[in-house]
Amino acid sequence: MAQMFRSLHVPGTPLVLPNAWDGASARVVADAGAAAIATTSAGASWSLGHGDGEHMTRDQALGVIARITVAVDVPVTADIERGYATDPDGVAETVRGVIAAGAVGINLEDTLRPVTEQAERIAAAREAADETGIPLFINARIDTHRLPPGDRTTWLDETLTRARAYATAGANGIFVLGTPDAETVSTLVGSQPLPVNVLAGPGALPVSKLAEAGAARISAGSSIAEAAYGLVHQAARELLEKGTTTTLEGGFDYATLNALLLAEPTH
């Protein structure tokens, strides 16, 4: 399954990932036709009553991953934030746990830590995965969206410097946040060796335009979870303030959703 997941990253014919955060959302996404499931750490954290940003423990995160992998029969890639660890050895331990939980890929964010430090963390993840015999897809998230806005040249230079270093360390892809235009995506694709992952969602280009620019992977990130919890808030306010439930029209009916979750995935 890990090799198949790798093969889905094709520039111009991207892997599209509507991110899930628990077993039920993963099953729904798979039923919609997704070729793979990506987790969202934000959605998973929120589902456990925590804020995003490594407020889950490693064990909690691995528990979410395990519940998702048993719920679907497609490959799963896990958002492991900063690796739930302070050092490369700890990242390696997390990676071993991710593989034991059944996932075949990870997102590992750099939070703009020094390039050499993040490269060491990626190298540790690569070594830990290779020791298991699973060709884990390491998607290196580059957090240059946190740089001061307005200087595109500085942003691009820093992004490419990190991408090349992470490729050397053993990453298989890069994930760049924000809503880049088609020219920027094309530049990222052509200026470093790894498949490029970008976001879909409000304010972003449609999948067709991102594909034309050469993206190999397109993720919804936390946007679907945000919309789901937004619906909860709207429906609750409507019921409490107006006594009506029009917000809930068009959702899954009980029988359909329950039948979907009762069906056994084939592994």
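Residues numbered from 1 in each chain as written. Predicted model: local features only at pLDDT ≥ 70, side-chain atom pairs only at ≥ 80, totals over all residues. Heavy atoms only, no water.

A.B. asks: Tell me about the overall build of the protein, and please be specific about residues and values.
C.D. replies: The helix and strand inventory of the protein stands at eleven helices and eight strands. In terms of C-alpha radius of gyration, the protein reaches 19 Å, essentially the compact-globule figure of 18 Å for 267 residues. Overall, the C-alpha framework of the protein stretches about 55 × 40 × 35 Å when taken along its three principal axes. Per-residue burial over the protein gives 47% buried out of 267 residues. Summed over all atoms, the accessible surface of the protein reaches about 12,200 Å², with 56% contributed by carbon and sulfur. (Helix = DSSP H or I, 4+ residues; strand = E, 2+ residues; numbered from the N terminus. Rg over C-alpha atoms; globule rule 2.2 N^0.38 Å. Buried < 20%, exposed > 50% of the residue type's maximum accessible area, 1.4 Å probe, protein only. Areas by Shrake-Rupley, 256 points an atom, 1.4 Å probe, with all protein chains shown as cover.)

A.B. asks: I'd love a proper account of helix 5 (residues 88–100), names of residues and values included.
C.D. replies: Three or four residues apart is the spacing at which side chains of an α-helix point the same way, because the helix has 3.6 residues per turn. Over its 13 residues, helix 5 extends 18 Å from the first C-alpha to the last, a length consistent with the 18 Å expected when each residue adds 1.5 Å. All of the buried residues in helix 5 are G90, V91, A92, T94, V95, G97, V98 and I99. Along its buried surface, helix 5 packs onto helix 4 (58–71), strand 3 (76–79), strand 4 (105–109) and helix 6 (115–132). Among the residues trailing helix 5, G102 stands out with phi positive, at a value near 105°. (Expected span 1.5 Å × (residues − 1). Contact = heavy atoms within 4.5 Å.)

A.B. asks: For the packing of helix 4 against helix 5, give the residues involved together with the corresponding values.
C.D. replies: The geometry of helix 4 relative to helix 5 is characterised by a closest axis approach of 10 Å and an angle of 25° between their N-to-C directions. Considering their axes alone, helix 4 and helix 5 lie roughly parallel with respect to each other. The way helix 4 lies across helix 5 gives a crossing that is right-handed. Across the interface between the two elements, R58, L62 and I65 of helix 4 pack against G90, E93, T94, G97 and V98 of helix 5. Here the contact of helix 4 with helix 5 is composed, by residue class, of three nonpolar, three polar and two charged. (Axes fitted to C-alpha atoms, helices over the stretch in contact; angles between N-to-C directions. Parallel < 35°, antiparallel > 145°, perpendicular 65-115°, else oblique. Left-handed = near helix turned anticlockwise from the far one by under 90°. Nonpolar A, V, L, I, M, F, W, Y, C, P; charged D, E, K, R; others polar.)

A.B. asks: Quick rundown of the pattern of salt bridges? Include the residues and the values.
C.D. replies: Counted by the stated rule, this structure contains nine salt bridges. Put simply, E54 and R82 hold a salt bridge, and the shortest N to O gap is 3.8 Å. Of this pair, E54 sits in the loop between helix 3 (41–47) and helix 4 while R82 is found in the loop between strand 3 and helix 5, placing the two residues 28 residues apart along the sequence. As a salt-bridge pair, R141 and E109 come within 3.4 Å of each other at their nearest N and O atoms. Of this pair, R141 sits in strand 5 (residues 137–142) while E109 sits in strand 4, and the two are 32 residues apart along the sequence. (Salt bridge = Lys/Arg side-chain N within 4 Å of Asp/Glu carboxyl O.)

A.B. asks: An account of the pairing of strand 6 (residues 173–176) is requested, with residue identities and associated values reported.
C.D. replies: Side-chain direction in a regular strand flips from residue to residue, so the side chains alternate between the two faces of the sheet. Residues G173 and F175 line one face of strand 6 and the alternating positions I174 and V176 line the opposite face, and both faces are buried. As paired elements, strand 5 and strand 6 share four bridges and run parallel to each other. Across the sheet, N139 pairs through a bridge with G173, a residue of strand 6. For the handedness criterion, the β-α-β arrangement of strand 5, helix 7 (residues 152–169) and strand 6 is classed as right-handed. (Pairing = 2+ DSSP bridges. Right-handed = clockwise from strand over helix to strand, strands pointing away.)

A.B. asks: I'd love a proper account of the pairing of strand 4, names of residues and values included.
C.D. replies: The element strand 4 is extensively covered by neighbouring structure, given that five of its five residues are classed as buried. Of the two faces of strand 4, both are covered, the one formed by G105, N107 and E109 as well as the one formed by I106 and L108. On the question of chirality, the crossover connecting strand 3 to the parallel strand 4 by way of helix 5 is right-handed. Strand direction decides the pairing type here: strand 4 and strand 5, joined by five bridges, are parallel. Bridging across to strand 5, N107 finds its partner in N139.

Function cannot be read off these values alone, since they describe shape.
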